[in-house]
Structure formats: structure tokens, C-alpha cells
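# What the coordinates show
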Amino acid sequence: MINNKMRIYLFKPKYYPLITSYTAKYLLESKNRKTSISLDLGLTNTEVIIDNDHIHFPNFQTLNKNDLKKIINRTTEIYMITNNKLVKIAWFENDAYLKLRNISHNTAPTLEINGIHMHRIKDTTPWKDSKSKVMSILPLKNKTVLDICTGLGYTAIHALNFGASKIITIEKNHAVLKIAEYNPWSWKLASKKITIILDDAKNAINYLKDEYFDRIIHDPPRMKLAGELYSEEFYRELYRVLKPGGIIFHYTGAPGEKRGINLIKGVSERLKSVGFVIKKMYEVQGVLGIKK
């Protein structure tokens, strides 16, 4: 399946203790010498030791309480502890500012690029948002899935959790995958059942086999940022690689809705023009298509 022209990204989780303003506040207010907190954004709990001036973490990491006081009002930041210092998981790369953005206490973060978050966060969480997209293409047990635009990998990981046997996921931005390696909620991207292709989807799709996938999750950036991924030409390639009877979920969001722009209608018409039978899925802001 993997063409030798494809560049495969080897995902390598970076295991640093993580701190947010919520955990910092809890530690500063704790009256106990020992307490249990999450250092991986809510996935597990770890015991730390508190003395008069310092917090002592696993692997001999120590933070001065004054460092924690500096971040208690920075509710959207996520910090890793390295060399007894707090380092924010955010940086400039290729003229873009990428940030692992905290949403609330002990939940999966989103990715922000130049201030734009990559998941829905109003009345939901990034994890729930991604799960709702994947649930629209169930069942997935023993299915082969194409996931376009990896991001933090939540849709690929949910596909894995729902029993997919193989997931091919495509991401063009190396910096996005680098920041995902610091995110504990992304670490299952290292699964042997998941293959990450580092390439632009409009190029990578040309090397994928005809009628290979049972399911497709197409979750592109906004149309003004990646218009080619909303084109009839690209949809024709998606139709080509999907098996007969296969299902595609195309996330659109609702940009321009207040201005009377109906993106879902345009996407539906173009998907239909290449052969998909369309079922609209407004509740998850996307379109469901079936290849007959």
C-alpha cells in the first residue's frame, strides 16, 4: 500500500511532565506534603512532594513555587517541565505560531495556529468533537481508514479505539506533528496500526491505491486556507480510493454561516457530482457520503 515516493513520519512521543494553570493553582494551595495530580493532562495521576519552597516531581525534576505563581492566570497555556524549568509548548516555525492550547482542566487540548484553533471548543471539547466525527462512519471494526489532515491525531486515534485495523493519516505540516509529540492525548499515533504520511494531501492521494479504503475522514483546514481540498478534482480522487459501499465523512464547519454562506451545500453538490450518494450531517457540521 505504501508507495516508495511517500514520506513516512515516525511519531516519537516526548514524555515530559506537563503543567497548566489549574495544576499550578492546586499545588500552591495544597496543605499536604504529598499529593496526587495529573502530569499528562488528565490521563493518569502521579504523586508529587511539596515542601516550603519547591514541588518535587518524578525523575528528579523540581520547581520553585515562584515559577508556578507566574502561570496561574495563564489558563490557555501548557508547560512542560524540563531541567527544573517551565517551558511553554508553543513556538514559531515556517512563519506560523503553533501552540498546544489548554481548554479546561484535565482534558485534551487543541492546536492553535496563528490564533486559530483546529477543533470545535464551544459547548464541546476537542476530544468529543473528534469522536463525534468518527462515530458518523461506524462500524470500524477491522476496517481500513484514510484520515486526511492528521493535526493532533484525535480522529485517527478514535478510529483505532473503535477497532479499525489500519489507518493511513496524512499531514503536510511537520511542525504540527512535532507539537503533537508533546501531547499525551496524541501518543497513540505511535501505534503500529497507524501510518503517518508527511505530505500535502493533494499530492499524497495520487499514490494511494484504487478502492483500498473502507472509510475516509476528510477534516481539512478552512476553505480559504486549503481550497484545493474542497475541489471536485480532489473529491474525484477520494472517490477513486474508496471501496464500493465505503463511507466518507467530510467535516466543513460553519464558516460564513452568519453571512448566509452555505458551505455544506457546495461541498455536497461537488461530492455528488463525482459519484457519492449524499446524506447531510448538520449536527456535526459536515457531510456524509457513500460510494455505491
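Figured I'd write up the structure that's included with this text. (Residues numbered from 1 in each chain as written. Predicted model: local features only at pLDDT ≥ 70, side-chain atom pairs only at ≥ 80, totals over all residues. Heavy atoms only, no water.)

As summarised here, the arrangement of the four strands in space is 9-10-11-12, forming an open sheet in which the pairing is antiparallel. Taken across any chain shown, the strands that pair with only one partner, and hence form the sheet edges, are strand 9 (90–93) and strand 12 (116–117). Summarising the sheet, strand 10 (residues 96–101) and strand 11 (residues 110–113) pair through four bridges and their orientation is antiparallel. Bridge pairing in strand 11 links leucine 100 to leucine 111. (Pairing = 2+ DSSP bridges. Helix = DSSP H or I, 4+ residues; strand = E, 2+ residues; numbered from the N terminus.)

This part takes up the layout of surface pockets. When its volume is computed, the largest pocket comes out at roughly 1400 Å³. Together, 50 residues line the largest pocket, and His117, Met118, Pro220, Pro221 and Arg222 are the ones closest to its centre. Elements supplying a minimum of two residues to the lining of the largest pocket: strand 11, strand 12, helix 3 (126–135), helix 4 (154–161) and strand 14 (166–171). (1 Å grid on protein atoms, 1.4 Å probe; cavity = no way out; pocket = protein on both sides within 12 Å on 5 of 7 lines; lining within 4 Å. Points joined across faces, edges and corners; volume = space filled by probe spheres on them.)

Turning our eyes to something else, we now look at the pairing of strand 15 (residues 194–198). Counting buried residues in strand 15 gives five out of five residues, a clear majority hidden from the surface. The two faces of strand 15 match: Ile194, Ile196 and Leu198 on one face and Thr195 and Ile197 on the other face are all buried. Of the strand pairs in this sheet, strand 1 (residues 8–9) and strand 15 are connected by two bridges, and their pairing is antiparallel. Each bridged residue has a counterpart across the sheet, and for isoleucine 8 the counterpart in strand 15 is isoleucine 197. Relative to strand 15, strand 14 is paired through five bridges, and the arrangement is parallel. Bridging across to strand 15, isoleucine 170 finds its partner in isoleucine 197. Tracing the backbone out of strand 14, into helix 5 (residues 174–180) and back to the parallel element strand 15 gives a crossover that is right-handed. (Buried < 20%, exposed > 50% of the residue type's maximum accessible area, 1.4 Å probe, protein only. Right-handed = clockwise from strand over helix to strand, strands pointing away.)

Counting 46 residues, the largest nonpolar core has Ile89, Leu98, Ile167 and Ile179 as the members making the most contacts within it. Contributing elements (two or more residues each) for this core: strand 10, strand 11, helix 3, helix 4, helix 5, strand 15 and strand 17 (242–251). If we skip the residues at most four places from it in the chain, leucine 98 touches Ala90, Trp91, Glu93, Leu111, Glu112, Ile113, Ala175, Val176 and Ile179. Ranked by size, the runner-up nonpolar core spans 29 residues in total, among them Met6, Ile148, Tyr235 and Val267. (Core = buried A, V, L, I, M, F, W, Y, C linked by side-chain atoms within 4.5 Å. Contact = heavy atoms within 4.5 Å.)

Listed as buried for helix 1 (residues 21–29) are Ser21, Thr23, Ala24 and Leu27. Projected down its long axis, helix 1 carries its buried residues within an arc of 165 degrees, all on one side. Elements that come into contact with the buried residues of helix 1 comprise strand 2 (18–19), strand 3 (34–37), strand 4 (46–50), strand 5 (54–56) and helix 2 (65–69). (Arc of directions from axis to C-beta.)

The complete set of buried residues in helix 3 reads Pro126, Trp127, Asp129, Ser130, Lys133 and Val134. Considered in projection along helix 3, the buried side chains sweep an arc of 165 degrees and stay on one side of the axis. The inward-facing, buried residues of helix 3 abut strand 11, helix 4, strand 16 (213–218) and strand 17.

Bringing empty space enclosed by the protein into the picture now. Applying the stated criterion across every chain, the model contains one cavity of 30 Å³ or more. Approximately 30 Å³ is the volume attributed to the largest cavity. In terms of lining residues, the largest cavity is bounded by Leu18, Thr20, Thr23, Ser38, Leu41, Asn102, Ser104, His105 and Asn106. Counted by class, the lining of the largest cavity contains two nonpolar, seven polar and no charged residues. (Nonpolar A, V, L, I, M, F, W, Y, C, P; charged D, E, K, R; others polar.)

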